[in-house]
Amino acid sequence: MDYVITLDRIPRLGETVIGREFKMTPGGKGANQAVAAARLGADVYMIGMVGNDVIGEELIKNFRRNRVNVDYVKRAETHSGVALIFVDSEGNNVIAVAPGADYHLSKRDVDEAFENLRDRIGVLLLQLEIPIEIVEYAIRRFSEDGVKIILNPAPYHELSKDVLSRVFIATPNEIELELMSGIRIANDEDLMKAGRKAVEDLGIENLIVTLGGRGAMIITRDQHKLIPAFKVKPVDTTGAGDAFNGALAVALVRGESLESAVRYANAVAALSTLKLGAQEALPTSEEVEKFLEERDG
């Protein structure tokens, strides 16, 4: 659950700043991406864990409202995951997370979902807000059955080369790519060098580096291409990366090319910044189509 305060500016260390508004809204990277995909018309199954508390009840109700299947969302005897978020007048944010139940997801939970979903899904979309060993286990289990893996490596944590070589698409931002590659990125030349190293040394099939207002860079062994962002005036950028990942998965399941899927994801990410909050700001497929028609027209 996201607890969001809007302020004129982010507080400095030791400083108290009076905010303008407060909002409590369902969040979490995996949940945001699941809801993003469901609002765009996909059949989505969430594999996750919430706490045995009122927050957990609200999170499950929110999934159901957004047509996300909750058969594989379990309850843990601890608090649900929460995030405290400050958003300034420019739409920038600072976030702290207490994972709680998120860290209680187990291999048994993955196995149960795998056995029941293996014939129903085309993409497994993963983030790093659950235990890393569970992420690696899920990647191995699903990839061995031919399911395409999209990995959003955030918040960043190192994964084994064996696991990364099973990833169809990884979607780091620049900071996460620096950590993946060990190369400091100061310009586009550095970006290419870091991306190629991640692809060649780690074995990731496709890399899509999200670049905020610039768009997203596709990097493979054979090519690189910048897919420009759509220019909007953001209100709150919280969850824009999650909107991008959910939309990317949907477009790929529909059979779109990588370039077309990234452009679609850029549009969804742009629209998600026009309202306050993460999930509440996620657009529907109709809103995205109208937006693209206006921009293309």
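Please refer to the structure placed before this passage.
Residues numbered from 1 in each chain as written. Predicted model: local features only at pLDDT ≥ 70, side-chain atom pairs only at ≥ 80, totals over all residues. Heavy atoms only, no water.

So, the sheet that holds strand S12 (residues 224-228)
The strand order S7-S8-S9-S10-S11-S12 describes an open sheet built from 6 strands, whose pairing is mixed. Since the sheet does not close on itself, it has two edges, and those belong to strand S7 (123-126) and S12, each with one partner. Of the strand pairs in this sheet, strand S8 (residues 148-151) and strand S9 (residues 169-170) are connected by 2 bridges, and their pairing is parallel. Within S9, the position partnered with Leu-151 by the bridge is Ala-170. On the sheet, helix H7 (residues 188-202) packs against strand S10 (206-210), strand S11 (215-219) and S12 and is oriented at approximately 50° with respect to S11. (Pairing = 2+ DSSP bridges. Helix = DSSP H or I, 4+ residues; strand = E, 2+ residues; numbered from the N terminus. Contact = heavy atoms within 4.5 Å. Axes fitted to C-alpha atoms, helices over the stretch in contact; angles between N-to-C directions.)

A few points about helix H8 (residues 240-253)
Compared with an ideal rise of 1.5 Å per residue, which puts 14 residues at 20 Å, H8 spans 20 Å between its outermost C-alpha atoms and is within 8% of the ideal. Among the residues of H8, Ala-240, Asp-242, Ala-243, Phe-244, Asn-245, Gly-246, Ala-247, Leu-248, Ala-249, Val-250, Ala-251 and Leu-252 are the ones counted as buried. Looking at the residues trailing H8, positive phi occurs at Gly-255, about 95°. (Expected span 1.5 Å × (residues − 1). Buried < 20%, exposed > 50% of the residue type's maximum accessible area, 1.4 Å probe, protein only.)

A word on helix H9 (residues 258-272)
Compared with an ideal rise of 1.5 Å per residue, which puts 15 residues at 21 Å, H9 spans 21 Å between its outermost C-alpha atoms and is within 8% of the ideal. Of all 15 residues in H9, 12 are buried; the element is thus mostly enclosed. All of the buried residues in H9 are Leu-258, Ala-261, Val-262, Tyr-264, Ala-265, Asn-266, Ala-267, Val-268, Ala-269, Ala-270, Leu-271 and Ser-272. At its buried positions, H9 is contacted by S9, S10, S11, S12, H8 and helix H10 (285-296).

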